[in-house]
Every structure is written in C-alpha cells, then in structure tokens.
Amino acid sequence: MIMLIKYLLFVLLVVFMVSAAVYSYSSRRAADPLVKGTRRSVMNMLLGGMLVTLSLMSMFIFRGSTLNVVIEAVFLLLGLFNIFSGLRSYSYYSRARSGS
C-alpha cells in the first residue's frame, strides 16, 4: 500500500511539474496582461501543489531525523502558501477579466 502511495505521489509530482512548465511558457507568450496574470496564478498553484507533493513524498521516504521533519514542514508550508496566493491572484484576475 505504501509503494502505491509513493508511485501515485511521483506521478502527481510529474504532472504538476509538466503542467507548471506549460503554464509558464504560455504565460510568457501571452500579450494580454490579464491572461498573463491568470496563467501565472495557475502556474503558482501548480508549483504549490508540486511542493506539497514533494513534502509528502519525503515524509514517506525518509523517517525520523529532525532535519528531515523541518525541511518537510517548510516545503509543506511554502506549498500551501503558494496555493493560497495563486487562488487569491486567480480570483483577482478573473474578476478583472469579467469587468466587475
């Protein structure tokens, strides 16, 4: 069961990484600032998901060391903050695009 979770987290990590690269590339190519901001906010959420997934992977792979627990907690908090700030900026840009 643990191996299944490890493989699932690895697949999720790869999906987040590829999706973030695609959104990064498309945001750099966008001419409209609102579209650019929307895509960058989605990229920020994907990078936050990638950090959370990386933290969960390290929780399943490494055990016990205080340094590992601190690094996992930092990655987890940083990932959650990226997801939160991406959601916040996405709501801002979506409201700006709708004109409200």
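What you are looking at is a predicted structure, and each value in this text was computed from that prediction instead of being measured. (Residues numbered from 1 in each chain as written. Predicted model: local features only at pLDDT ≥ 70, side-chain atom pairs only at ≥ 80, totals over all residues. Heavy atoms only, no water.)

A.B. asks: Residues and numbers for the packing of helix 2 (residues 33-61) against helix 3 (residues 66-98), please.
C.D. replies: It is the contact of helix 2 with helix 3, at a shortest axis distance of 7 Å, that shows an interaxial angle of 160°. Considering their axes alone, helix 2 and helix 3 lie roughly antiparallel with respect to each other. Helix-helix and strand crossings are classified by hand; for helix 2 and helix 3 the assignment is left-handed. When grouped by side-chain class, the residues that make up the contact of helix 2 with helix 3 number 19 nonpolar, 13 polar and 2 charged. (Axes fitted to C-alpha atoms, helices over the stretch in contact; angles between N-to-C directions. Helix = DSSP H or I, 4+ residues; strand = E, 2+ residues; numbered from the N terminus. Parallel < 35°, antiparallel > 145°, perpendicular 65-115°, else oblique. Left-handed = near helix turned anticlockwise from the far one by under 90°. Nonpolar A, V, L, I, M, F, W, Y, C, P; charged D, E, K, R; others polar.)

A.B. asks: A description of the packing of helix 1 (residues 2-29) against helix 2 should follow, citing residues and the corresponding values.
C.D. replies: Where helix 1 contacts helix 2, the two axes come as close as 8 Å, and the packing angle between them is 160°. By the angle class used here, helix 1 and helix 2 are roughly antiparallel. Seen along the crossing, helix 1 lies across helix 2 with a hand that is left-handed.

A.B. asks: Quick rundown of the packing of aromatic side chains? Include the residues and the values.
C.D. replies: Applying the stated criterion to the full structure yields 1 aromatic pair. Centroid distance Tyr 92 to Tyr 93: 5.2 Å. Interplanar angle 70°. Geometry classified as edge-to-face. Judged by its relative accessible area of 24%, Tyr 93 is partly exposed. (Phe/Tyr/Trp six-rings, centres within 6.5 Å; stacked < 30°, edge-to-face > 60°. Buried < 20%, exposed > 50% of the residue type's maximum accessible area, 1.4 Å probe, protein only.)

A.B. asks: Can you tell me about a nonpolar patch on the surface, naming the residues and giving the values?
C.D. replies: Taken together, Phe 10, Val 11, Val 14, Val 15, Met 17, Val 18 and Val 22 make up a surface patch of nonpolar side chains, about 600 Å² in accessible area. Looking at where Val 22 falls in the secondary structure, it is placed in helix 1. (Patch = residues over 30% accessible without salt bridge, like charges linked within 9 Å, V, L, I, M, F, W, Y side chains within 5 Å. Areas by Shrake-Rupley, 256 points an atom, 1.4 Å probe, with all protein chains shown as cover. Salt bridge = Lys/Arg side-chain N within 4 Å of Asp/Glu carboxyl O.)

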